[in-house]
Amino acid sequence: MKKKLRKFMISLFVMTIVFSLTACNSNNAHSEINGKRTIKIGYLPITHAIPLYIEKELEKGQSQHFNLELVKFGSWPELMDALNTGRIDGASVLVELAMKAKEQGVDLKAVALGHRDGNVVVTSHNIHSVKDLKGKNFAIPHKFSTHNLLLYQMLKQEGFQYKDVNIVELPPAEMPAALSEGRISGYAVAEPFGALSVAMNKGKVLFQSEDLWKHSVCCALVLRSDFIRNERKIAQEFVSEYVKAGKKAELKDEYTYESSSKYMKVNKDVLNLSLKWISFNDLKIDKSAYEQLRQYMIETGLSKNPPSYEEFVDNSLIDKVK
Ligand code: ZN
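For every chain, the first residue of its written sequence is number 1, and the numbers climb from 1 along that sequence. Per-residue local features are limited, in this predicted model, to residues with pLDDT of at least 70; the limit for side-chain atom pairs, both in listing and counting, is 80 or more; totals at the level of whole chains, interfaces and linings are taken over all residues. In computing side-chain values, all of the structure's heavy atoms are included and hydrogens and water are not.

Colleague: Give me unusual backbone geometry: which residues, what numbers.
Modeller: Between Glu 191 and Pro 192 the backbone carries a cis peptide bond, its omega angle lying at 20°. Per the convention used, a helix needs a DSSP run of H or I reaching at least four residues, while a strand needs a run of E reaching at least two, with both numbered from the N terminus. Assignment of secondary structure puts Pro 192 in the loop between strand 10 (186-188) and helix 7 (193-199). Positive phi, close to 50°, is recorded for Asp 117, a residue that is not glycine. Secondary-structure assignment places Asp 117 in strand 6 (residues 116-117). Given a relative accessible area of 22%, Asp 117 falls into the partly exposed group. Phi is positive for Asn 201, which is not a glycine, with a value near 60°. Burial status follows relative accessibility: with a 1.4 Å probe on protein chains alone, a residue under 20% of its type maximum counts as buried, one over 50% as exposed, and anything between as partly exposed.

Here's what the structure looks like:
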C-alpha cells in the first residue's frame, strides 16, 4: 500500500513538473522547428523596418541556428504589449517607446538601429514656413516618437513652442487622407506615409529630418535581455544577418522593392521616394546620437530620467559582426 502511495505521489510530482513546463512554454516566445530556435520579431509594415524583411527573405528566415518569424502588428501599443510580456523576443520599434518600457522595468536592450535619417515633415501646399502652422492641426503617430521630437525641434528653431500648434495623435495610415481633406495642415510620421502625400501631390516636404536634427535616432532593433543572455550564439547570428540585410537594403534595388512589398503594401514610386530619404548602412547606435535623444526626451518632458546609454544600448553583438 505504502509502495502504491509512493508511486502515486511520484507520478503526481512528475505530472506537475510536466504541466508547469508546458504552461511556462506557452507563455513565452520559445519554440523550435526542426531543432532550430524560432526567433519572433515584431514589426509594423513601414519602410523603417526593411532590414527585417530582407533578413527574412535572404535565407527564407532559415539561418544556421534559428528560424526567423516576423510578427506583424497594427499599432505600436499592441507591439509593445507583446514585447513587454515576452510573447516576442524583440522588435523594430520607435526607440522612445522601448526606452520608456526599459524605464518602467522591462529588461530590453537596443542592439542596432532600424535605419538612419528617413523622416520628413509633410505639410499641405499652402504652408510655406513654420509660422504658417501656428494654431493649425499637426499630426504625430505617438507622443513617444522621434516624430514628436522633430516637431519640437522644428518649432524651437523658429522660436515657437508645442502650444503654438494643435498636436493630434493619428494612426500613420490615416495621415495622408487627413492632410488631403484639410483636417490637418501637416504631419511627421514613419515612412512611407510622408512619401505617399508627396507622390499624390497632396502635400510637400517642409523639412527633412537632418535639417532639424542631425543623426536623429528613430527606430531601434531591440531584444529582450534574457534572450541575449541565455542564447547568445543565436542572438549573435541574428544580429549579424540583420546587418547584412541592412547592407543589401541599402542597394535600394528591385530586390529591396520585391522583398519589402511582401511585408508592406506600397506602390513602387512611393517606396522609391521614401527610400531616397533613408539609409540602412552603419546601423550601430553611437553614444553621441543617443545622448542627444536622451536630452530631447528630458527637454520635452517625455521622461525625467531616460535609461543611460550603458543601461540600454548593447553593442556587444553588432561589434562582432564581420
Ligand atoms: Zn523609424
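The structure having been displayed, the exposition proceeds.
Colleague: Explain the coordination of the zinc ion to me, using residue names and the numbers behind them.
Modeller: Note on donors: an N, O or S atom is included if it sits within 2.8 Å of the metal, or within 3.2 Å for Na, K and Ca, and water is never included, so sites can look incomplete. Donor atoms from the polypeptide that bind the zinc ion are His 48 (ND1), His 115 (NE2), Cys 218 (SG) and Cys 219 (SG), placed at 2.1 to 2.3 Å. In these descriptions, tetrahedral denotes four donors with every angle between 85 and 135 degrees, square planar four donors and octahedral six donors with opposite donors over 155 degrees apart and the rest between 65 and 115, and irregular any other case. Because the angles between the four donor atoms bound to the zinc ion fall within 90 to 116°, the donor set is best described as tetrahedral. Mapped onto the sequence, the residues coordinating the zinc ion show the spacing H-x66-H-x102-C-C. Linking His 115 in the loop between strand 5 (108-113) and strand 6 with Cys 218 in the loop between helix 8 (209-212) and strand 12 (219-224), this pair joins segments that are 103 residues apart in sequence. Judged by relative accessible area, which is 1%, His 115 ranks as buried.

Colleague: With reference to specific residues and values, describe helix 12 (residues 268-276).
Modeller: Taken together, the buried positions of helix 12 are Val 270, Leu 271, Leu 273, Ser 274 and Leu 275. Two residues qualify as a contact provided that any one of their heavy atoms is within 4.5 Å of a heavy atom in the partner residue. The inward-facing, buried residues of helix 12 contact helix 2 (50-58), helix 7, helix 11 (254-260) and strand 13 (278-279). Polar contact is defined as a pair of N or O atoms within 3.5 Å, subject to the rule that within protein one atom must be able to donate a hydrogen and the other to accept it, and that residues adjacent in sequence are counted only when both atoms are side-chain atoms. Capping the start of helix 12 is the job of one residue whose side-chain oxygen sits 2.8 Å from the backbone nitrogen of Asp 269: Asn 267.

Colleague: Would you mind going over the domain arrangement of the chain in detail, with residue names and values included?
Modeller: Per the domain assignment, the segments of the chain are domain 1 (32-117 + 217-320) and domain 2 (120-212). For each domain, the first and last residues come from an automatic or database assignment. Centre-to-centre, using C-alpha coordinates, domain 1 lies 24 Å away from domain 2. Residue-level contacts link 22 residues of domain 1 with 26 residues of domain 2. On the domain 1 side of the interface with domain 2, the three residues burying the most area are Val 270, Trp 277 and Leu 302, jointly 28% of the side's total. Salt bridge criterion: a side-chain nitrogen from Lys or Arg within 4 Å of a carboxyl oxygen from Asp or Glu. Taken together, the connections running from domain 1 to domain 2 amount to one salt bridge. Lys 156 is the partner of Glu 299 in a salt bridge, and the nearest nitrogen-oxygen pair spans 2.8 Å. The interface formed by domain 1 and domain 2 contains seven residue pairs in polar contact (both at pLDDT 80 or more). Of the residues in the side of domain 1 that touches domain 2, the class split is 14 nonpolar, four polar and four charged. Reported buried area values correspond to the accessible surface (1.4 Å probe) lost by two parts on association, with both partners' losses combined. Put simply, Ala, Val, Leu, Ile, Met, Phe, Trp, Tyr, Cys and Pro go in the nonpolar bin, Asp, Glu, Lys and Arg in the charged bin, and everything else, Gly too, in the polar bin.

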